[in-house]
Amino acid sequence: MAGWLALMLIVAIAGRETARELNVFQIMEVRSVIGFLMLYPLVRINGGFAAMKTSRPLQHIGRNLIHYAAQLGWFFSLTLIPLGQVVSIEFTMPIWTAILAASFLGERMTVWKISAIVLGVVGVIVIVRPATGNVNPGQLIALGAAVGFGISVAMMKSLTRTESTLAIIFWMLVIQAAAGFFPSLYVWRWPSAYAFGWIVVLAFCGTFSHYCMARAMLHADATVVLPMDFLRVPLTAIAGWLIYSEPLDAFTLLGAALILTGNLLNLRASNPVPARAGT
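Residues numbered from 1 in each chain as written. Predicted model: local features only at pLDDT ≥ 70, side-chain atom pairs only at ≥ 80, totals over all residues. Heavy atoms only, no water.

Q: Would you mind showing me how to read the nonpolar core here?
A: Inside soluble globular proteins, nonpolar side chains tend to come together where they are buried. Core analysis: the largest hydrophobic core is formed by 40 residues, its most contacted members being W74, F75, L78, F91, L202 and V233. Counting residues in hydrophobic clusters, the runner-up holds eight residues, among them V43, L166, M172 and L173. (Core = buried A, V, L, I, M, F, W, Y, C linked by side-chain atoms within 4.5 Å. Buried < 20%, exposed > 50% of the residue type's maximum accessible area, 1.4 Å probe, protein only.)

Below is the structure:
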């Protein structure tokens, strides 16, 4: 999990640095191509392209187009608002996933899930503060990206019932590379060595952060691993303060605390109580 936290922190910084020079469509396209090259050895040793066949192409296409749009919004929001705000709003994703899972996958809504949703919505309101009339478009874009990620996760959960993890990642890279091919050509400009270096970092960290998460899941329960991901909020806010001199806004910290409290309550309630000996 230390690897996951470090790599995801670098992803946020690399995304901002790359977006200073390149359009987000081009960033996404190059990232997808490099990610595919990194994934290919795993595809090859697991049966090659023949093993990547799917019986649910429409679900893959729908899920990845939504995920692609959410990623575009996330990268774009990095250039508009502080890093801490982006990540704080991103953590509303479990809220939208819970709503969609209950609506379309038949999962049961509990008091704890409803409490998490309420706290998450209040937390977003505290961060965005619409009553002040100074809502930053970047905040709305980040919120839209979080909703898109939530939809994507719910659809991915449905896909895992019939598809392998490798196939899901394979089709994600293929579909997103195809979706961004023509838009990236329209805005294409050859990156400088500085920008290209950050894109490589972005692709590497974005790919192997998920490997670190999977390894962490192998060695510990999800209820131990996932709460550690909440450290991304303060760590990213501190990185924004140290690298970009972004102020640590009290409203962002309070809103993030409400969002994370809701997620922790939901996660704690989802952990079954161990049975006592003899029962």
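Now that the structure is up, let's keep going.
Q: What am I meant to see in the packing of aromatic side chains here?
A: Remark: the centre distance and the inter-plane angle together describe each pair of aromatic rings, the angle taken between the planes. Enumeration according to the criterion identifies nine aromatic pairs in this entry. Aromatic side chains F49 and F170 sit 5.9 Å apart centroid to centroid with 45 degrees between the ring planes, which places their arrangement in the tilted category. Remark: F170 occurs in helix α8 (residues 165-179) and F49 occurs in the loop between α2 (24-45) and α3 (57-78); sequence separation between them is 121 residues. When the centroid spacing of 6.3 Å and the interplanar angle of 75 degrees are considered together, the rings of Y194 and W198 count as edge-to-face. In this pair, Y194 and W198 both sit in helix α10 (residues 193-219), four residues apart, roughly one turn of the helix. Taking relative accessible area as the criterion, Y194 reaches 47% and is therefore assigned partly exposed. Residue W198 is classed as partly exposed on the basis of its relative accessible area, which comes to 21%. Aromatic rings pair up to connect F36, Y40, F49, F170 and W171 into one cluster. (Phe/Tyr/Trp six-rings, centres within 6.5 Å; stacked < 30°, edge-to-face > 60°. Helix = DSSP H or I, 4+ residues; strand = E, 2+ residues; numbered from the N terminus.)

Q: What exactly am I supposed to notice about the environment of G144 here?
A: Checked against the element boundaries, G144 lands in helix α7 (residues 137-159). Sequence separation between G144 and W74 is 70 residues; the distance between their C-alpha atoms is 8.7 Å.

Q: What's the story with the pattern of salt bridges in this structure? I'm lost.
A: Between side chains of opposite charge, pairing is possible as soon as their charged atoms come close. Per the counting criterion, the structure on display carries two salt bridges. Note that R16 is salt-bridged to E246, the shortest N-O span being 2.4 Å. Of this pair, R16 sits in helix α1 (residues 2-19) while E246 sits in the loop between α12 (232-244) and α13 (250-270), placing them 230 residues apart in sequence. Look at R16 and you get buried, because its relative accessible area is 8%. A relative accessible area of 10% means that E246 is categorised as buried. For E17, the salt bridge is made with R20, and the minimal N-O distance between the two is 3.3 Å. A relative accessible area of 11% means that E17 is categorised as buried. (Salt bridge = Lys/Arg side-chain N within 4 Å of Asp/Glu carboxyl O.)

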